Amino acid sequence: MAVTNIMIVGVGGQGTLLTSRILGQMAILAGYDVKLSEVHGMAQRGGSVVTYVRYGEKVAEPIVEEGDVDILIAFERLEAMRYLHYVKKDGVVIVNDHRIDPITVVTGQAEYPEGILETIQSARKTLVVPAVEKAKEIGSPKSFNVIVLGAAAKHMDFPKEDWLKVVESLVPPKTREKNLQAFEIGYQM
């Protein structure tokens, strides 16, 4: 099997690191060699956070080159567009339909780009997930990242039961039920 490259992008506090740990654990459970790499921007201040998860028979290094990402999981629209050039031509983008204004927009130095989702959809196979809205509906606003992961899981060859086991083992005990429900919602999209 070739190496599968997954990139997870968002802003600080969106659960990017937890999502990469779930994905990494899932690949380990399936018997793959796994490399994780976390690249933090100004994460505590709402800056960009990028993680790479690479798995396969043998994975040499954790970093993914531009144009080599099989699946881009994005927790925010602008972050998806910012890293779109990393996705292979036949790759997939799973994007949370959510907007978080970067500091340059907040301070008036820049404007939030229009038509982001349309740009992404015209460039790559894309699934837009209303994860924040769905997470609020189940009374668990913070579980939107697990909804997005559930949607992305359909593009990977791991059994759903294994996903549920890994999610259950890695989320905080008091949030297990809501996170399992969140995964299920994403998986059905």
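Given the structure is predicted, the values throughout are model-derived calculations rather than measurements.

Caption draft 1: Broad picture of the overall build of the chain. Within the chain one finds 8 helices and 6 strands. Reading the chain from its N end, one meets helices and strands in the order β-α-β-β-β-α-β-α-α-β-α-α-α-α. Along the three orthogonal principal directions, the C-alpha set of the chain runs to about 50 × 40 × 30 Å. Considering only intrachain contacts with a sequence separation of at least 6, the fraction spanning at least 24 residues in the chain is 63%. Carbon and sulfur atoms make up 50% of the accessible area of the chain, which amounts to about 9300 Å² in all. Side chains of the chain carry 21 positive and 24 negative charges; the gap between the two charge centres is 4 Å.

Caption draft 2: Highlighting the pattern of salt bridges. Under the counting rule described, the total for this entry stands at 10 salt bridges. Across the pair E137 and K134 runs a salt bridge, and its minimum N-O distance is 3.9 Å. Residue E137 and its partner K134 are both found in helix 5 (residues 131–137); the two are separated by 3 residues, about one turn of the helix. Residue classification places E137 among the exposed residues on the basis of a relative accessible area of 56%. Two residues, E184 and K160, come together in a salt bridge whose shortest N-O distance is 2.4 Å. Remark: K160 occurs in helix 7 (residues 160–170) and E184 occurs in helix 8 (residues 176–187); sequence separation between them is 24 residues. A single salt-bridge network, built from bridges that share partners, covers D33, K35 and K58.

Caption draft 3: Focus on the confidence of the model for the chain. Looking at the chain, the pLDDT average stands at 92 and 96% of residues meet or exceed 70. Mean pLDDT values over the elements of the chain span from 84, in helix 3 (residues 103–106), up to 98, in strand 4 (residues 69–74).

Caption draft 4: The arrangement of helix 7 in detail. If you check which residues of helix 7 are buried, you get D162, W163, V166 and V167. Here the buried residues of helix 7 occupy an arc of 135° about the axis, which is enough to place them on one side. Of the residues in helix 7, the exposed ones pointing more than 90 degrees away from the buried face are E161 and K165. For helix 7, the secondary structure elements touched by its buried residues are helix 1 (16–29), helix 6 (144–153) and helix 8.

Caption draft 5: Up close: a negative patch on the surface. Side chains of E61, E65, E66 and D68 sit close together on the surface and give a patch of like negative charge. Here E65 shows up in the loop between strand 3 (48–56) and strand 4. E65 sits in the partly exposed class, given a relative accessible area of 47%.

Caption draft 6: Layout of the nonpolar core. Ranked by internal contacts, the top residues of the largest apolar core, which has 36 residues, are I6, L23, I73, I94, M156, W163 and F183. The element contributing the most residues to this core is helix 6, with 8 residues. What M156 contacts, discounting residues up to four positions off in sequence, is I6, L23, Y55, I71 and W163. Y52, V69, V93 and V95 belong to the second largest nonpolar core, which has 21 residues in total.

Parameters at a glance
- Residues numbered from 1 in each chain as written.
- Predicted model: local features only at pLDDT ≥ 70, side-chain atom pairs only at ≥ 80, totals over all residues.
- Heavy atoms only, no water.
- Helix = DSSP H or I, 4+ residues; strand = E, 2+ residues; numbered from the N terminus.
- Contact = heavy atoms within 4.5 Å.
- Areas by Shrake-Rupley, 256 points an atom, 1.4 Å probe, with all protein chains shown as cover.
- Lys, Arg positive; Asp, Glu negative; His and termini not counted.
- Charge placed at Lys NZ, Arg CZ, Asp CG, Glu CD.
- Salt bridge = Lys/Arg side-chain N within 4 Å of Asp/Glu carboxyl O.
- Buried < 20%, exposed > 50% of the residue type's maximum accessible area, 1.4 Å probe, protein only.
- pLDDT = per-residue confidence, 0-100.
- Arc of directions from axis to C-beta.
- Patch = residues over 30% accessible without salt bridge, like charges linked within 9 Å, V, L, I, M, F, W, Y side chains within 5 Å.
- Core = buried A, V, L, I, M, F, W, Y, C linked by side-chain atoms within 4.5 Å.

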